[in-house]
Amino acid sequence: MVSITIITGCPGSGKTTLSNLLAQTLPKGVHLHADVFYDFIADLIPPILPESHQQNTTVMRAIANATAAYVMGDYDVVVDGIFGPWFLPTLAEEFQSLTCPVNYVVLRLPLAETIVRATTRLKNPTSEEIIRHMYPLFNNLGEFERYVFEVGVSASEDILIDLNQRCQSGEFRLNWSLVTR
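Everything in this summary refers to the structure shown in the same document. (Residues numbered from 1 in each chain as written. Predicted model: local features only at pLDDT ≥ 70, side-chain atom pairs only at ≥ 80, totals over all residues. Heavy atoms only, no water.)

### With respect to the overall build of the chain
To keep it simple, the criterion reads: Only DSSP runs of H or I with at least four residues qualify as helices, and only runs of E with at least two residues qualify as strands; both kinds are numbered from the N terminus onward. Our radius of gyration is a C-alpha quantity, and the globule rule it is checked against amounts to 2.2 Å times the number of residues to the power 0.38. Exposure classes here rest on a 1.4 Å probe applied to the protein chains alone. A residue is buried below 20% of its type maximum, exposed above 50%, and partly exposed in between. Contacts between residues were defined by any pair of non-hydrogen atoms, one from each residue, lying within 4.5 Å. Computed with the Shrake-Rupley method and a 1.4 Å probe, the accessible areas treat only the protein chains shown as cover for residues.
Of the regular secondary structure elements, the chain holds 8 helices and 5 strands. Walking the chain from its N terminus toward its C terminus, one meets helices and strands in the order β-α-β-α-α-β-α-β-α-α-β-α-α. The C-alpha atoms of the chain give 15 Å as radius of gyration, which agrees with the globular expectation for 181 residues (16 Å, within 12%). Taking the principal axes of its C-alpha atoms as reference, the chain extends roughly 40 × 40 × 30 Å. Taken over 181 residues, the chain has a buried fraction of 46%. A sequence separation of at least 24 residues applies to 76% of the contacts in the chain between residues at least 6 apart. For the chain, the exposed surface amounts to about 9,300 Å²; the carbon and sulfur share of it is 55%.

Here it is as structure tokens:
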């Protein structure tokens, strides 16, 4: 049976790197990089601003629909992006007709390391201001803390093996009743 794995976390937490590696381990794996969906918007409102809510919800729907299309084509989808619990109700609406399991993984590493990674990466560096805005949003998740995957500073290959095993065991299987109540 195919599955969806949502990998989220603060910018700089390793979402894209890990998602790409994970998709490559799957026989029919697809990696959807959610940030690309924002690139399609000609007059983009910075996604961290309150007035971007409608835009961000539309982008979440587009990502969910693209994910569903691949799932219906019998692909395992690994999608990475900023999918805080606040976006899960939108995804639940879009995924309601799908019967595949959905894993939800929140990557977390120390703030100092997150800042270094995000601000010094060659492709699309993120400002420290944005990191400091987003970091607390992924560190106080309440009942969604069970989906946190502490990344630390291990090698990507070691993280991938651990994540893959924990997803296969069902540890990160999303409980939709947390989302839809």
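### Examining the packing of helix 1 (residues 15-25) against helix 7 (residues 156-168)
Stated precisely, the cut-off is as follows: What counts as an axis is a line fitted to C-alpha atoms, over the stretch in contact for a helix, and the angles between N-to-C directions run from 0 to 180 degrees. Between 65 and 115 degrees an angle is taken as roughly perpendicular, under 35 as roughly parallel, over 145 as roughly antiparallel, and anywhere else as oblique. By definition, turning the near helix anticlockwise from the far helix through less than a right angle yields a left-handed crossing, and turning it clockwise yields a right-handed one. The nonpolar class holds Ala, Val, Leu, Ile, Met, Phe, Trp, Tyr, Cys and Pro. Asp, Glu, Lys and Arg form the charged class, and all remaining residues, Gly among them, are polar.
Where helix 1 contacts helix 7, the two axes come as close as 10 Å, and the packing angle between them is 60 degrees. Regarding the angle of helix 1 to helix 7, the classification is oblique. For the crossing formed where helix 1 meets helix 7, the hand is right-handed. Two secondary-structure elements touch here, helix 1 through Thr17, Leu18, Leu21, Leu22 and Thr25 and helix 7 through Ser156, Ile159, Leu160, Leu163 and Asn164. In terms of residue class, the contact of helix 1 with helix 7 is built from 6 nonpolar, 4 polar and no charged.

### Points about the pairing of strand 2 (residues 29-33)
Walk down a regular strand and you will see the side chains alternate between the two sheet faces. Definition in use: Should DSSP find at least two bridges between two strands, the strands are taken to pair.
Of the two faces of strand 2, only the one carrying Val30 and Leu32 is buried; Gly29, His31 and His33 on the other face are not. Pairing analysis gives 5 bridges linking strand 2 to strand 3 (residues 76-80), with the strands arranged parallel. Of the residues in strand 3, the one forming a bridge with Gly29 is Asp76.

### Quick notes on helix 3 (residues 53-72)
The test is simple: A helix's residues, less one, multiplied by 1.5 Å, set its expected span.
Relative to the 28 Å expected for 20 residues at 1.5 Å per residue, helix 3 spans 28 Å between its end C-alpha atoms, a close match to the ideal helical length. Contact partners of the buried residues in helix 3: strand 1 (4-9), strand 2, helix 2 (35-39), strand 3 and helix 4 (88-95). Backbone geometry just after helix 3 places Asp74 at a positive phi near 75 degrees.

### So, the nonpolar core
Rule in force here: Here, nonpolar core means buried Ala, Val, Leu, Ile, Met, Phe, Trp, Tyr and Cys residues that are tied together by side-chain atoms lying within 4.5 Å of each other.
Core analysis: the largest hydrophobic core is formed by 57 residues, its most contacted members being Ile6, Phe83, Tyr104 and Leu163. Considering every element that reaches this core, the biggest residue donor is helix 3, with 6 residues. With near-sequence residues (within four places) excluded, Ile6 lies in contact with Val79, Phe83, Leu91, Phe95, Val102, Asn103, Tyr104 and Val105.

All we've got here are geometric facts, nothing functional implied.
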